[in-house]
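Read off the chains here:
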Amino acid sequence: TQQQAWRALLVLVNRGLPQLERTLKAHGLLVVHYSILVSLSAAPNDTMRLSDLADAANVSQSRLTHRLRTLLDRGDVMITADTDDRRGKHATLTPTGRRRLEALAPLHVDDVRRLIFDQLDGPETEAFAHALSKIATALCDHEDFLPDRL
């Protein structure tokens with residue numbers, strides 16, 4: 001059963017994620033960019049400290065910095081100094097970024113449903129969510145994925 005689960009996960013990662021990425025790439029973004037925009041859109045005032053954004057988007061600080069360049073160049077995000085802590089910086093989702101996210105979200109949701117959830121019934125979806133949430137919680141520095149938070 002473990003080997004079956006592992007092989008199925010590899011199929012999802014190696015075949016499913018590239019399919020999700022194709023839709024986003026058609027609009028000039030990668031999945032990581034989309035994750036950053038989603039994280040910012042869920043934050044108060046569409047703004048997060050960069051270290052918190054890296055954690056929320058599940059990327060390293062250096063990868064966040066690298067990927068933010070694209071979003072900054074496109075006007076989707078702006079960076080400002082933290083007025084309380086001069087060492088820190090904040091990222092803010094711009095109106096342009098929000099419009100891009102709102103345009104892409106239905107396409108992304110359709111892809112995720114088609115690739116994953118259309119293959120599962122209700123109980124399977126619940127079991128899938130529970131299992132992935134346990135794994136995500138073990139991998140993350142935050143508890144956003146705990147079943148009682150979903």
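Preceding block: the structure.
Residues numbered from 1 in each chain as written. Predicted model: local features only at pLDDT ≥ 70, side-chain atom pairs only at ≥ 80, totals over all residues. Heavy atoms only, no water.

## Focus: the overall build of the protein chain
Phase 1 of the analysis: Looking only at helices and strands, the protein chain has six helices and three strands in total.
Phase 2 of the analysis: Its C-alpha atoms put the protein chain at 50 × 30 × 25 Å along the principal axes.
Phase 3 of the analysis: Each of the 150 residues in the protein chain was classed as buried or not, and the buried ones make up 29%.
Phase 4 of the analysis: A separation threshold of at least 6 residues defines the contact pool for the protein chain, and within that pool the share at least 24 residues apart is 53%.
Phase 5 of the analysis: Roughly 9900 Å² of accessible area belongs to the protein chain as shown, and the carbon and sulfur atoms make up 54% of that amount.
Phase 6 of the analysis: A distance of 8 Å separates the average location of the 19 positive side-chain charges in the protein chain from that of its 20 negative side-chain charges. (Helix = DSSP H or I, 4+ residues; strand = E, 2+ residues; numbered from the N terminus. Buried < 20%, exposed > 50% of the residue type's maximum accessible area, 1.4 Å probe, protein only. Contact = heavy atoms within 4.5 Å. Areas by Shrake-Rupley, 256 points an atom, 1.4 Å probe, with all protein chains shown as cover. Lys, Arg positive; Asp, Glu negative; His and termini not counted. Charge placed at Lys NZ, Arg CZ, Asp CG, Glu CD.)

## Observations regarding the side chain of Thr-137
Phase 1 of the analysis: Its location among the elements puts Thr-137 in helix α6 (residues 122-139).
Phase 2 of the analysis: Look at Thr-137 and you get buried, because its relative accessible area is 18%.
Phase 3 of the analysis: Reaching out from Thr-137, the side chain makes a polar contact with the backbone oxygen of Ser-133 at a distance of 2.8 Å. (Polar contact = N/O pair within 3.5 Å; in protein donor to acceptor, adjacent residues only side chain to side chain.)

## Here we look at helix α4 (residues 61-73)
Phase 1 of the analysis: Look at α4: 19 Å from first C-alpha to last across 13 residues, which is about the 18 Å you get at 1.5 Å a residue.
Phase 2 of the analysis: In the structure, α4 departs most strongly from a straight axis at Arg-67, where the bend amounts to approximately 25°.
Phase 3 of the analysis: Buried within α4 we find Leu-64, Leu-68 and Leu-71.
Phase 4 of the analysis: Residue Gly-75 follows α4 closely and has a positive phi angle near 80°. (Expected span 1.5 Å × (residues − 1). Bend = angle between axes of the 7 residues up to and from the residue.)

## Some words on the packing of aromatic side chains
Phase 1 of the analysis: All chains considered together, the criterion is met by one aromatic pair.
Phase 2 of the analysis: Taking 6.4 Å as the distance between ring centres and 75° as the angle between the ring planes, the aromatic pair formed by Phe-117 and Phe-128 counts as edge-to-face. With Phe-117 in the loop between α5 (95-115) and α6 and Phe-128 in helix α6, the pair connects residues that are 11 residues apart, well separated along the chain.
Phase 3 of the analysis: What makes Phe-117 partly exposed here is its relative accessible area of 34%.
Phase 4 of the analysis: Classification of Phe-128 as partly exposed rests on a relative accessible area of 28%. (Phe/Tyr/Trp six-rings, centres within 6.5 Å; stacked < 30°, edge-to-face > 60°.)

## Examining α5
Phase 1 of the analysis: Its 21 residues place the ends of α5 30 Å apart at the C-alpha level, agreeing with the 30 Å of an ideal helix rising 1.5 Å per residue.
Phase 2 of the analysis: Taken together, the buried positions of α5 are Gly-97, Leu-101, Leu-104, His-108 and Asp-111.

## A look at the packing of helix α2 (residues 31-41) against α4
Phase 1 of the analysis: Direction vectors running N to C along α2 and α4 enclose 85°, while the axes themselves pass 10 Å from each other. If you check the angle between α2 and α4, you find them roughly perpendicular. From α2, Val-32, His-33, Ile-36 and Leu-37 reach across to α4, where they touch Arg-63, Leu-64, Arg-67, Leu-68, Thr-70 and Leu-71.
Phase 2 of the analysis: Taken together, the residues of the contact of α2 with α4 break down into six nonpolar, two polar and two charged. (Axes fitted to C-alpha atoms, helices over the stretch in contact; angles between N-to-C directions. Parallel < 35°, antiparallel > 145°, perpendicular 65-115°, else oblique. Nonpolar A, V, L, I, M, F, W, Y, C, P; charged D, E, K, R; others polar.)

## Some details on the packing of α2 against α5
Phase 1 of the analysis: At a closest axis distance of 10 Å, the pairing of α2 and α5 adopts a crossing angle of 115°. The angle between the axes of α2 and α5 places the two elements in the roughly perpendicular class. Between α2 and α5 lies a crossing of left-handed hand. In this structure, α2 uses Tyr-34, Leu-37, Val-38 and Ser-41 to contact α5, whose residues at the interface are Arg-98, Leu-101, Leu-104, Ala-105 and His-108. (Left-handed = near helix turned anticlockwise from the far one by under 90°.)

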